[in-house]
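Fold and contact review
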Amino acid sequence: MEFSETILRTDPRRFNPFREGNVLPKLNAGLKLTDRELVVHAASAFYPLACSIMQSVYDPSCFDNEKLRKVSTMDGFRDLVSGAIDILIATAPSDEQREAMDSSGFPFRFVEICREPLVFLVNRDNPVDGLAMDQVRDMYMGSLNNWQEAGGKDMPVTTYQLVKNNGSQSAFEQFVKNNPLDD
């Protein structure tokens, strides 16, 4: 891959709403916003989706690209709770973020538009070629400690997690705590 291709793949400007040559799908929302003051932040994983939504609902002459920012989920919830932004497009809040929202005095409305996919990777030398959701959950809860229990070698399971209140980590915690055990 050439250097220029790498820049094109990682350049967030390619998602700028209304920018000529952007890579956003053209959606027909049937609604056009003209509020230049609306401030929207999007978690990094959801930034392309947020840009596509903004492009589909805003009148191009009224859209202010400075009011749309890509942020970490943690910063996004902090900005939402402080009243600095109007909309956050991110994963559902962690328990700690919900508590901060509840105690802020601001009314919040949650609208689920999609769910974050969770991907679990296993070392290529591990003979386990598939895990059931309950096995993954058991690994992270500490009740499945050896790969042999999942059809692998007699080796300890080592799990890794993201930092607390990261959007993907919060989605994962919800998966571990609340998701029904269906494969």
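Every value quoted in this text rests on a predicted model; they were computed, and no experiment measured them.

So, about the packing of aromatic side chains. Overall, the coordinates contain four aromatic pairs when judged by the stated rule. Considering the side-chain rings of F106 and F108, the 6.4 Å spacing of their centres and the 70 degrees angle between planes classify their relative orientation as edge-to-face. Residue F108 is classed as partly exposed on the basis of its relative accessible area, which comes to 26%. Connected via pairs of aromatic rings, a cluster forms that spans F18, Y58 and F63. Over the face of the ring belonging to F110 we find R98, whose NZ or CZ atom lies 4.7 Å from the ring centre.

With that settled, consider the environment of P156. Looking at where P156 falls in the secondary structure, it is placed in the loop between helix 5 (133-141) and helix 6 (167-178). Judged by relative accessible area, which is 60%, P156 ranks as exposed.

Take the sheet that holds strand 2 (residues 68-71) next. Strands in a sheet are paired, the pairing made by backbone hydrogen bonds, and the direction either parallel or antiparallel. The strand order across the open sheet formed by three strands is 2-1-3, and the pairing between neighbours is parallel. Two strands in the sheet have a free side with no partner beyond their single neighbour: strand 2 and strand 3 (87-89). The average angle at which neighbouring strand axes cross in this sheet is 25 degrees, direction not considered. Note that strand 1 (residues 40-43) and strand 3 share three bridges and pair parallel. Opposite V40, over in strand 3, you have I87 as the bridge partner. In the packing of helix 2 (residues 47-57) onto the sheet, the strands contacted are strand 1, strand 2 and strand 3, and the crossing angle to strand 2 comes to about 170 degrees.

What counts as what
Residues numbered from 1 in each chain as written. Predicted model: local features only at pLDDT ≥ 70, side-chain atom pairs only at ≥ 80, totals over all residues. Heavy atoms only, no water. Phe/Tyr/Trp six-rings, centres within 6.5 Å; stacked < 30°, edge-to-face > 60°. Buried < 20%, exposed > 50% of the residue type's maximum accessible area, 1.4 Å probe, protein only. Lys NZ or Arg CZ within 6 Å of the ring centre and 35° of its normal. Helix = DSSP H or I, 4+ residues; strand = E, 2+ residues; numbered from the N terminus. Pairing = 2+ DSSP bridges. Axes fitted to C-alpha atoms, helices over the stretch in contact; angles between N-to-C directions. Contact = heavy atoms within 4.5 Å.

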